[in-house]
Each structure stands twice: as C-alpha cells, then as structure tokens.
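One-letter residues, chain by chain:
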Amino acid sequence: MPCVADWLNSPFSIVQGIFAQNTPNSDWEKKVTDYFREKLKENNATNWVPSLNDVPVHYLKPNSLVKFRCMVQDMFDPEFYMGVYETVDPNTNARVLHFGKYRDVAECGPQQEIDMNSSQTVTLERQTFYCVPVPGESAWVKEAYISASQARVSPSTSYTPSRHKRSYEEDEDMEQHPSKQKEQHMGSGSNNHGCGEPKRLETEASAGHHLISPNCSPPLDLNFPLPGEKGPACLVKVYENWDTFKVNDVLEVYGILSVDPVLSIVNNEERDSSTLDPMECMDTAEEQRVHSPPSSLVPRIHVILAHKLQHLNPLLPACLSEEESKTFVSNFMSELSPVRAELLGFLTHALLGDSLAAEYLILHLISTVYARRDVLPLGKFTVNLSGCPRNSIFTEHIYRIIQQLVPASYRLQMTIENMNHSRFIPRKDYTANRLVSGILQLASNTSLVIDETQLEQGQLDTKGVHNVKALGNLITWQKVDYDFSYHQMEFPCNINVLITSEGRSLLPSDCQVQLQPQIIPPNMEEYMNSLLTAVLPSVLNKFRIYLSILRLLDYSISDEVTKAVEEDFVEMRKNDPESITADDLHRTLLVARFLSLSAGQTTLSRERWLRAKQLEALRKARLQQQKCVNGNEL
C-alpha cells in the first residue's frame, strides 16, 4: 500500500495506478476522489497536507498534494481539456493511453508524440475559479491554522530537474525551476521569475496588490478585494460539481499543485503563436495575461476534493452536524453562562464602562442573516454606536478588539477621500474578461466596522455618492449590486455592519446605541492595550468559540409565546400608540432572538422577551435624553 509520502508527494503516481487498473472503465475518476477522501479522513491527515495559505509557493513541491483556504473572487469561462489521449512512438508504433485530468500540460515521453486523431481521445470540460485568501481574515485565525499544521516542507530548489516534456515547454528559465520526480513528466518548476533571485521575488509576490511579472510591462494586479492584503492568488481548476459553488463562497480545496513554466508562455511577447491553443488566440492579449498569469505568481491547483466552509473559525470542528462535533458543541453549551458573563465584562471595559452598549455589541456580533423573505434579509442587526469621541483612537481600538474576536473583519474609514477614490463595488472588465474586485466583495459573516468619526466637511463626487449608496444598500438589503456596465447584477451577502459615529450616522442602521462612557482613561492607548493583555489566551479562545457557535444555532418561537408577544404589543400600542410602531416590534423581536441565543436558548421565553423590552426601553431613554441635550441629534 502507498505510504503517506506517496499520496502527498506523488499523487500522480496514485492517479496513474488507478487509471491503469480501470481503463477503459469510466469510473476511474470516482475511484480517485474516493481514495483521497478516505486518506484525508485518517488520523488528522488533513493537517499533513501543506497549505498555500501558510507556505510560500517555492517551498512546495510541484505536482504534490496541497490545500488552499480561499474565497472565489471570480469564475472564468469553462475550458476544454483532453481527459484521455493516446501517444505513439514513431519508431516502434507502440501506443500508450494517458489521462489529462489534473494536468495543465499533456505528458509526453521523449520518444512519443500525441496522436491528435486517435479514436481514444476524450475531450472533457473543467471550470476555472480565480481564488484569493479570505479577505480580512484575522491574524489569530491564520496562526491557529499554522499551529495545527504538521506539514513538512523545504525549499523546492532541492528537487532534481526533469526535462521529459514536449519541446515547446523547454524554456530559457528552466534551470531556475525545481521540478518533480522523473516519473512525473508533466509540468515542473515554481521559481520561474526570469531573474536570478527567485526566492526573494517569491516572498515579495505575496506582499502586494500589484506584482511585476516577467515578460510583461504593466504590473500584474492580483485583484484582492481589500487594500494591503497579502497571500497568494490561485487558479483553481474544478472538475466536478462546479455549479454548486458561486462567487464569494469560501472553500477549502485539496488538489495537485501545478507551477509549470510553460503556463506563462502567453505572457511572452516573442512567443511562437503555433504553440498556443487556436481557441486561446482568439482572446485579447489582456485577457490572456489575466487568465494565464505566470505560474510562479499565480499557481494552479487541480482540485481532487473541494467543499464550502460552514464557518472560518479554526477553533471549532469543520462541520458541526457530525456526531463528534455535536459532543463538542454540547460540552461548550454547558459552560456558556460564565463565558457570556466574562465577555460582557470584557466588552464593558472596552466600551469605557458602558454595559448597555456591551450588551448590544454581543447581540450584534452573533447576528446573522438566517433567511430572506421576498427582498427582506431576516436576522441582520446593524448597530450604530453613536457618541464616540471624534478623531480619537477609540474606534481604532474597538476595531482591534473585534479583530481579536471574529474570524474576518475590515475597518472602513469613512473619509471624503476614501468615499471619492476607493472602489467599493466590483465591476466587470470586458477587455480582460474578469471581475475587478472592490471593498464590498467580502465573505459571508465578515464584520465590517464603518468609522464615521473620521468624516469631515467636503464634497462627495459622483463616485463618492455611489459608494455611500452602495453602503446603504448593503446595510438595508444585505446585497451589493456589481457593476456589469450595461446592467447591475445583484449579489446577496451576509455582512455584520457596525457603524461608529459622533452623532447619529448618515447611514441607515437597525439600532442606534448612544455610548455613555463611565470612565475616561487618561491614556486611551495604554488602557486598551492593558485590556487585551489582561485576557488569557484560553479565555479569548472561549470568546471566539462562543460568538461563532451561536451564529450557527437554530432558533424558533412557540405558538404560545407568539400569541403572548402579540397581546403584549397590542397592550403597548394602547398605552402609547405614537411611540410604538411595527419597526419597534420587529427590532424588539430581533433583540429577544439574539438575547436568547446569547444565553444558549434556542427558543424564546417570557423572561427573555421581558428582558428585551427592558433593554430597548433603556436604549430609547438614552436617545431621548441625547435629543433633549442636543436638539438636532435625532
């Protein structure tokens, strides 16, 4: 039986064995996926697979098994490939069948030629996803995945080059490419930069939004949604069930790494057009550059297994519906009360002693869109935290604390310059045939903190107005209308939005909470830093598990409680018909929902309903008080 090193380091040899044993049987492909699925179930084997998220590409062996935790940023058009093809030796006329799956380049021995007219040739289709690391992924998430990894990697320059490839793959840069073992004749090499400092350039490749690629003058835009993002972009080739995935899905993919230098040939201005696929030649130069970037900068993964991630938190089991995971959840739920109490205390200190604001922040952090009724997203709970000190570092520190609690987040500073110059909405570039990313292309359950305390007087231009409108649509409808030039395409989303502002926000919100600091620290920086360092890492991890698990719980209201709530609402309307509206009922039900979940209760009780009414009364009293102090606040 193959050992771990075989299926990890030489997956092609496994695939070749299954292909040889099952040809011409059509189920060899299913047997390949079944084989690797079973292997990955054994003894935490997933932790042995090197990850593109953690390991630079030049440390990974070409044609080895790798994994990648990513978001689908774009989907390219399907492409055809030779699923099965036949080679012939011109001297002996000996014929051999090969598989083309999981390959970018057709394998061909030194004395062999591909018989393009063979009746054995099978043409199949695959889909290419352009994938990027999860936008705004928190540092603690990355660190947890790295610490769990048991993968053993070393610089791939230690591998011996192999040249058994078709003649057009011989490239002037080949000597700089590590390659696979001799029996794997397909693509090799990961350090193809066309210069003498491959490792240094590879490190730089992960550090920026734009990369200078060899053989092309303009910088290569890796199309990360958020400015300053790091990490590899990757072309993910999907062979099965690609219609179950969509743009912005977060995936974990396992597949064969391809970094063959021939993949960059379309970027060479002096390339021989005869080496290109005739269909590719119909593409524009810009499209070829974007869809076939240098493999050293944008590697390819040929997917054997892929699945959507239910959540991004590495401290939780990957799938909470499995039996072992249910035990984890029930054990954690049994100690939920002290965790909630500690989290409330922690956030109260962070919000300068304001326990009511801390209560609402907890409810906000566990909120999620659980359903859509017509166009209405149910479960969204955008909070506007008003009364924040203007132009201070308070909001920055609140964001730092949220970063420590949630798996993915972004702080958007709402300045006139950002509104007028940043690209919020993704747009379709028809010349390059790709989706150009924008700040609002975020994964589900990302926390977006909009800092309105930075806003100063100034003029919004047309782009700025459109950006503000896009934020309003995101908050109200939980959707972003991507710009396809001739039309808008609606992409539903599930983004937790927290707005910090001095007065009432210019943007819509579900709930405004006026901050009432009980303590004014003489040194805000020192105060916030000491708050974070005082929390034990084990306690911080409990907070992280708490917030993630509660988002995934089911919730219901019994008929009996529903009737009691309706009667209560009618009674409230009788007493004060002016101030109690349908919106108030909806908001109080939302508060009651998240209050129940925050206590680990998946159904509404009379006690929680009364507590929700009490919280809402306190919140409204503050706003009324503020209105009396500053007549134009509301």
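An unreviewed UniProt entry annotates the chain as Mini-chromosome maintenance complex-binding protein of Coturnix japonica. Looking at the Subcellular location (unreviewed entry) heading of the UniProt record, one finds this comment for the chain: "Nucleus". In its Sequence similarities (unreviewed entry) section, the UniProt record describing the chain reads: "Belongs to the MCMBP family."

Visitor: I would appreciate a short explanation of the environment of Val539 in the present structure.
Guide: When you line up the elements, Val539 lands in helix 14 (residues 537-551). When the C-alpha positions of Val539 and Val339 are compared, they lie 8.1 Å apart, and in sequence the two are 200 residues distant.

Visitor: Please explain the packing of aromatic side chains as it appears in this structure.
Guide: Each aromatic ring pair is characterised by the separation of its centres together with the angle its planes make. Enumeration over the complete set of coordinates arrives at 13 aromatic pairs. A centroid spacing of 5.3 Å and a plane angle of 85° characterise the contact between Tyr81 and Tyr239, whose relative ring orientation is edge-to-face. Taken together, the positions of Tyr81 in strand 2 (residues 79-88) and Tyr239 in the loop between strand 8 (234-238) and strand 9 (250-258) put the pair 158 residues apart, joining distant regions of the chain. Through successive ring pairs, a cluster of aromatic residues spans Phe12, Phe19, Trp28 and Phe99. Sitting above the plane of the Phe12 ring, Arg103 keeps its charged end 4.4 Å from the centroid. Lying over the aromatic face of Tyr370, Arg593 brings its terminal NZ or CZ to 3.6 Å of the ring centre.

Visitor: Help me understand the pairing of strand 1 (residues 65-75), please; the structure alone is not making it clear to me.
Guide: Consecutive side chains of a regular strand alternate in pointing toward one face of the sheet and then the other. In terms of residue burial, strand 1 counts as a mostly covered element, since 10 of its 11 residues are buried. For strand 1 and strand 5 (residues 122-132), the ladder comprises four bridges, and the chain directions are antiparallel. Bridge pairing in strand 5 places Met71 opposite Val132.

Visitor: Would you mind showing me how to read helix 13 (residues 524-534) here?
Guide: One turn of an α-helix holds 3.6 residues; hence residues three or four places apart share an orientation. Buried residues of helix 13: Met524, Tyr527, Met528, Leu531 and Leu532, and no others. Angular distribution of buried residues about the axis of helix 13 spans 130°; they occupy a single face of the element. More than 90 degrees from the buried face of helix 13, the exposed residues found are Glu526, Thr533 and Ala534. In this fold, the buried residues of helix 13 make contact with helix 8 (336-350) and helix 10 (394-405).

Visitor: Explanation requested: the state of the cysteines in the structure shown.
Guide: Here, disulfide denotes a covalent bond that connects the sulfur atoms of two cysteines. A complete count under the given rule lists zero disulfides for this structure. Between Cys70, a free cysteine, and Cys131, which holds the nearest cysteine sulfur, the sulfur-to-sulfur gap is 3.9 Å. Owing to a relative accessible area of 0%, Cys70 belongs among the buried residues under this scheme.

Visitor: Where do I start with the sheet that holds strand 13 (residues 383-386) in this structure?
Guide: Strand pairs in the sheet, formed through backbone hydrogen bonds, run parallel or antiparallel to each other. An order of 14-17-20-13-21 is seen for the five strands of this open sheet, with the pairing classed as parallel. Looking at the sheet topology across the chains shown, the edges are occupied by strand 14 (409-413) and strand 21 (511-514). Strand-to-strand twist in this sheet, taken as the mean axis angle between neighbours without regard to direction, amounts to 20°. As paired strands, strand 14 and strand 17 (residues 447-451) are joined by five bridges and run parallel to one another. Across the sheet, Tyr410 pairs through a bridge with Leu448, a residue of strand 17. Here helix 10 sits on the sheet and contacts strand 14, strand 17 and strand 20 (496-500); the angle it forms with strand 14, its principal contact strand, is near 165°.

Visitor: Hey, could you run me through the environment of Phe99 in this one?
Guide: For Phe99, the position within the fold is in strand 3 (residues 95-99). On the basis of relative accessible area, Phe99 is assigned to the buried category, the value being 0%. Between the C-alpha atoms of Phe99 and Ala20, which are 79 residues apart in sequence, the distance is 9.4 Å. Once residues within four sequence positions are removed from consideration, Phe99 is found in contact with Phe12, Val15, Gln16, Phe19, Trp28, Gly83 and Tyr85.

Visitor: So what exactly am I meant to see when it comes to the side chain of Gln73 here?
Guide: In this structure, Gln73 sits in strand 1. Overall, the relative accessible area of 0% leaves Gln73 in the buried class. Within polar-contact distance, the side chain of Gln73 engages the backbone oxygen of Leu435 at 2.9 Å. Setting aside chain neighbours within four positions, we find Gln73 in contact with Tyr130, Cys131, Val132, Asn223, Val247, Leu435, Val436, Ser437 and Gln441.

Visitor: Teacher, can you tell me more about the nonpolar core here?
Guide: Counting 66 residues, the largest nonpolar core has Phe346 and Leu405 as the members making the most contacts within it. Excluding its chain neighbours within four sequence positions, the residues that come into contact with Phe346 are Ile401, Leu405, Leu531, Leu532, Val535 and Phe543. Counting 26 residues, the second-largest nonpolar core is a separate cluster that includes Val247, Met414, Leu448 and Ile475.

Visitor: Explain a nonpolar patch on the surface here, please?
Guide: A surface patch of nonpolar side chains, about 280 Å² in accessible area, is lined by Val375, Leu376 and Trp477. Mapped onto the elements of the fold, Leu376 is located in strand 12 (residues 376-378). Taking the relative accessible area as the measure of exposure, Leu376 reaches 45% and is therefore partly exposed.

Visitor: It is not clear to me how the environment of Ile425 should be interpreted in this structure. Could you clarify?
Guide: With respect to the element layout, Ile425 can be found in the loop between helix 11 (416-421) and strand 15 (427-429). Taking relative accessible area as the criterion, Ile425 reaches 21% and is therefore assigned partly exposed. Residues contacting Ile425, with those up to four places away along its chain left out, are Gly438, His466, Ala470, Val480, Asp481, Tyr482 and Asp483.

What counts as what
- Residues numbered from 1 in each chain as written.
- Predicted model: local features only at pLDDT ≥ 70, side-chain atom pairs only at ≥ 80, totals over all residues.
- Heavy atoms only, no water.
- UniProt positions renumbered as here; feature names shortened; annotations may be inferred.
- Helix = DSSP H or I, 4+ residues; strand = E, 2+ residues; numbered from the N terminus.
- Phe/Tyr/Trp six-rings, centres within 6.5 Å; stacked < 30°, edge-to-face > 60°.
- Lys NZ or Arg CZ within 6 Å of the ring centre and 35° of its normal.
- Buried < 20%, exposed > 50% of the residue type's maximum accessible area, 1.4 Å probe, protein only.
- Pairing = 2+ DSSP bridges.
- Arc of directions from axis to C-beta.
- Contact = heavy atoms within 4.5 Å.
- Disulfide = S-S within 2.5 Å.
- Axes fitted to C-alpha atoms, helices over the stretch in contact; angles between N-to-C directions.
- Polar contact = N/O pair within 3.5 Å; in protein donor to acceptor, adjacent residues only side chain to side chain.
- Core = buried A, V, L, I, M, F, W, Y, C linked by side-chain atoms within 4.5 Å.
- Patch = residues over 30% accessible without salt bridge, like charges linked within 9 Å, V, L, I, M, F, W, Y side chains within 5 Å.
- Areas by Shrake-Rupley, 256 points an atom, 1.4 Å probe, with all protein chains shown as cover.
- Salt bridge = Lys/Arg side-chain N within 4 Å of Asp/Glu carboxyl O.

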